[in-house]
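Chain and residue survey
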Amino acid sequence: MQTKTTIRLVTIATALVYTGVLAGWHLYSPERGVALQAPGADNRPPETARKAGDVRIGEFFMRYAETPSSLTGKWPCFRGETFMNIIRTSENVTPGAGDYPVLWSVDTGEGHAAPVIYNGRVYFLDYDETLSSDMLRCFSLESGQELWRRWYRVPMKRNHGFSRTAPVVSGDYIITLGPQGHVMCCHPASGDLLWTIDMQKTFHTEVPFWYAGQCPRVDDGTLVLAPAGAETLLAGIDCRTGEVVWQTPNSVKYKMSHSSVTPMTLHGKRTYVYTGVGGVCGVSAERGDRGALLWSTSRWQPSVVAPSPLQLSAGAIFLVAGYGTGGALLHVSRNDAQWSASIVEQYKPKDGLSSEQQTPILYNNTLISIMPKDGGSLRDRLVLFSPSDLHTPLWVSGAGERFGLGPYLVINDCLFAFKEDGELYVYGIRSKSMNLIKKQRIMDGVDAWGPMAYADGRLLVRDAHAVKCLGII
């Protein structure tokens, strides 16, 4: 009996305690004793508060090593020094019987940004998902050792990778264009940050769906970009200071594409040719009227365009694009100060020479390209065409030699073509054909779309996750 009474009393006491705790929790106000403080009263260091979209281009830097080099070779920008993806060298790159050695390899974030080379150093853009950061990385061409990197936070979602553009480098600067339109200029040896431009803020650029694919160009000490923003079509920026020195009004209302500005000489006048979303245009590259819009046409309007325009003659420009667009021939005419441009031929990819991602190469009066996936029976195959007949191929690679969106370049009289799965093919170029000399598995590649680079007997290739250096002499 006494035990039952004790249990009853303990139960009642426990219930009263819990009831009191619950009542106190509901009645208690956490605002009691809280004082409102002015901003900065927490003694937080200045400039550490961040807002959404507050990107501070180039804010972080890491140095790993100092490695002097005696190498002097250069591949300073997208498609090389001549913009043609062709290099002539005294080095013997004739393929031998054995495999090319892989001299070094570097893992990367997912992307397709091509490397450039300058005096024994390799530079390329990368993206670190763990840090949500764009980064410019510098390596020794000889050893593959990372020398330094400069980076900045810019959160993005993966969209077939991140970085897509090749920098442009000289002895005084290395300039990059990141996937969200952030332009960064650094010193190529020290990595010191020189200046930056946010194209979205400065020019109101609308970045393409698959991020920026336009590679920066430098002409006569001036960085040439195509912001294709609300008011500015093309712009020239002083490479020393980052100052905008000329602008082309966007009267044609183009938007930014993945294509790059290409310098040409048309009818004796130096011209910047650009294919934007909305058409093709030519802008003066000469000192007297630099930045003036000379001509444009809206007859060529691919919804997506990655290849750059390719000059065939003093007044002829070859245009290609993927996603069912095909190819076109553009004629530019000049009568004193009057210019005009017209599309004289246009066709679907199954009906003639085309390309989806890589810019064709004009070599010895022949056009070299890889046909797009909608190219009919020529899908993904390497082809050779005459500029005078864009519909009938002179030569086609074998049925098993299909390259997808892989890159290719010419070194002396050899074509180096990299399949998108990581296999390298080398062809000897004849007058109207090519012969396969060798092929070599370099990596079990995934989306090996980034353009190659060559200097000092070394060929740089990459897929979506790694850059490799091959010794080819």
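Residues numbered from 1 in each chain as written. Predicted model: local features only at pLDDT ≥ 70, side-chain atom pairs only at ≥ 80, totals over all residues. Heavy atoms only, no water.

**Overview of the confidence of the model for the chain**
For clarity, the cut-off: Across the chain, each position has a pLDDT score giving the predictor's confidence in that residue, from 0 to 100. In this analysis, two residues are considered to be in contact whenever any of their non-hydrogen atoms come within 4.5 Å of each other.
Residues at a pLDDT of 70 or more form 89% of the chain, whose mean pLDDT is 91. Confidence drops under pLDDT 50 across residues 36–45; counting only partners more than four residues distant or on other chains, this segment forms one contact.

**Comments concerning empty space enclosed by the protein**
Under the convention used in this document: The method works on a 1 Å grid over the protein atoms by themselves. A cavity is a set of points holding a 1.4 Å probe that cannot get out, a pocket is an open set with protein on both sides within 12 Å along at least five of seven lines, and residues with an atom within 4 Å of a point line them. Grid points are joined across faces, edges and corners, and a volume is the space filled by probe spheres set on the points.
For the structure on display, the rule yields one cavity of 30 Å³ or more. Approximately 50 Å³ is the volume attributed to the largest cavity. Every residue along the wall of the largest cavity is listed here: S355, E356, Q357, Q358, I370, M371, P372, G404, L405 and G406.

**Quick word on the sheet that holds strand β9 (residues 168–169)**
Where strands meet in a sheet, backbone hydrogen bonds hold them as pairs that are either parallel or antiparallel. The condition is simple: When DSSP finds two or more bridges between a pair of strands, those strands are recorded as paired. The secondary structure listing takes helices from DSSP runs of H or I that are at least 4 residues long and strands from runs of E that are at least 2 residues long, numbered from the N terminus.
Within the open sheet, the four strands sit side by side as β9-β10-β11-β12. Their pairing is antiparallel. At either end of the open sheet lies a strand with only one pairing partner, and these are β9 and β12 (193–198). Pairing of β9 with strand β10 (residues 174–177) involves two bridges; the strand directions are antiparallel. Paired with V168 across the strands is I175, a residue of β10.

**Topic: the packing of aromatic side chains**
Our working rule: Ring pairs shown here join Phe, Tyr and Trp side chains whose ring centres sit within 6.5 Å, with only the six-membered ring taken for Trp; geometry is labelled stacked below 30 degrees between planes, edge-to-face above 60, and tilted in between. Only protein chains enter the accessibility calculation, which uses a 1.4 Å probe. A residue is then buried if its area is under 20% of the maximum for its type, exposed if over 50%, and partly exposed in between. A positively charged side chain is recorded as over a ring if its NZ (Lys) or CZ (Arg) lies within 6 Å of the ring centre. The angle to the ring normal must also be within 35 degrees.
Throughout the structure, instances matching the rule amount to 13 aromatic pairs. Taking 6.0 Å as the distance between ring centres and 5° as the angle between the ring planes, the aromatic pair formed by W246 and Y272 counts as stacked. Here Y272 lies in strand β18 (residues 269–276) and W246 lies in strand β16 (residues 244–249), a separation of 26 residues in the sequence. With respect to burial, W246 and Y272 carry one shared label: buried. Taking NZ or CZ as reference, K74 lies 5.0 Å from the ring centre of Y118, over its face. Its guanidinium or amino end placed over the ring of Y323, K373 lies 4.9 Å from that ring's centre, counting from NZ or CZ.

**Re the environment of W195**
Note the threshold: We define a polar contact as two N or O atoms separated by no more than 3.5 Å, with the added condition that, inside protein, one atom must be a possible hydrogen donor and the other a possible acceptor, whereas residues neighbouring each other in sequence contribute only through side-chain atom pairs.
Relative to the elements of secondary structure, W195 occurs in strand β12. Taking the C-alpha atoms as reference points, W195 and G242, 47 residues apart in sequence, are found 5.8 Å from one another. Not counting residues within four places of it along the chain, the set of residues in contact with W195 comprises I175, V183, M184, C185, L223, I237, D238, C239, R240, T241 and G242. Of the polar contacts made by the side chain of W195, one reaches the backbone oxygen of C239; its length is 2.9 Å.

**What to know about the side chain of T108**
Position of T108 relative to the elements: it lies in the loop between β4 (102–107) and β5 (116–118). Within polar-contact distance, the side chain of T108 engages the backbone nitrogen of A466 at 3.5 Å. Residues within four places of T108 in sequence aside, it is in contact with F124, D126, R137, R462, A464, H465, A466 and V467.

**Side note on the pairing of β18**
Along β18, seven of the eight residues are buried, which leaves the element largely enclosed by surrounding structure. Here strand β17 (residues 262–266) pairs with β18 via five bridges, running antiparallel. Opposite M264, over in β18, you have T271 as the bridge partner. Linking β17 to β18, which pair antiparallel, is a turn of two residues; within it H267 sits at a positive phi near 50°. Of the pairings in the sheet, the one linking β18 to strand β19 (residues 279–284) comprises six bridges and is antiparallel in character. Residue pairing in the sheet places G276 in a bridge with G279 of β19. Counted between consecutive antiparallel strands, the loop separating β18 from β19 contains two residues, among which G278 sits at a positive phi close to 135°.

**Some words on the sheet that holds strand β15 (residues 232–238)**
As a reminder of what qualifies: Lines fitted to C-alpha atoms define the axes, with helix axes restricted to the stretch in contact, and inter-axis angles between N-to-C directions lie between 0 and 180 degrees.
Here four strands make up an open sheet; going across it, the order is β13-β14-β15-β16 and the pairing antiparallel. The sheet is open, and its two edges are formed by β13 (217–219) and β16, each paired on a single side. Between one strand and the next, the sheet's axes are offset by a mean angle of 25°, whatever the strand orientation. The pairing of β13 with strand β14 (residues 222–225) spans three bridges and is classified as antiparallel. Directly across from D219, in β14, lies its bridge partner T222.

**Some thoughts on unusual backbone geometry**
In this model, H267 sits at a positive phi of 50°, which is unusual for a non-glycine residue. According to the relative accessible area criterion, H267 is partly exposed, its value standing at 34%. A positive phi angle, close to 50°, is found at D447, a residue other than glycine. Take D447: it is sitting in the loop between β32 (434–441) and β33 (453–455).

**Topic: the environment of G181**
Take G181: it is sitting in the loop between β10 and β11 (182–186). With 19 residues separating them along the chain, G181 and Q200 place their C-alpha atoms 6.5 Å apart. Not counting the four nearest positions on each side in its chain, G181 is found in contact with I197, D198, M199, V207 and A212.

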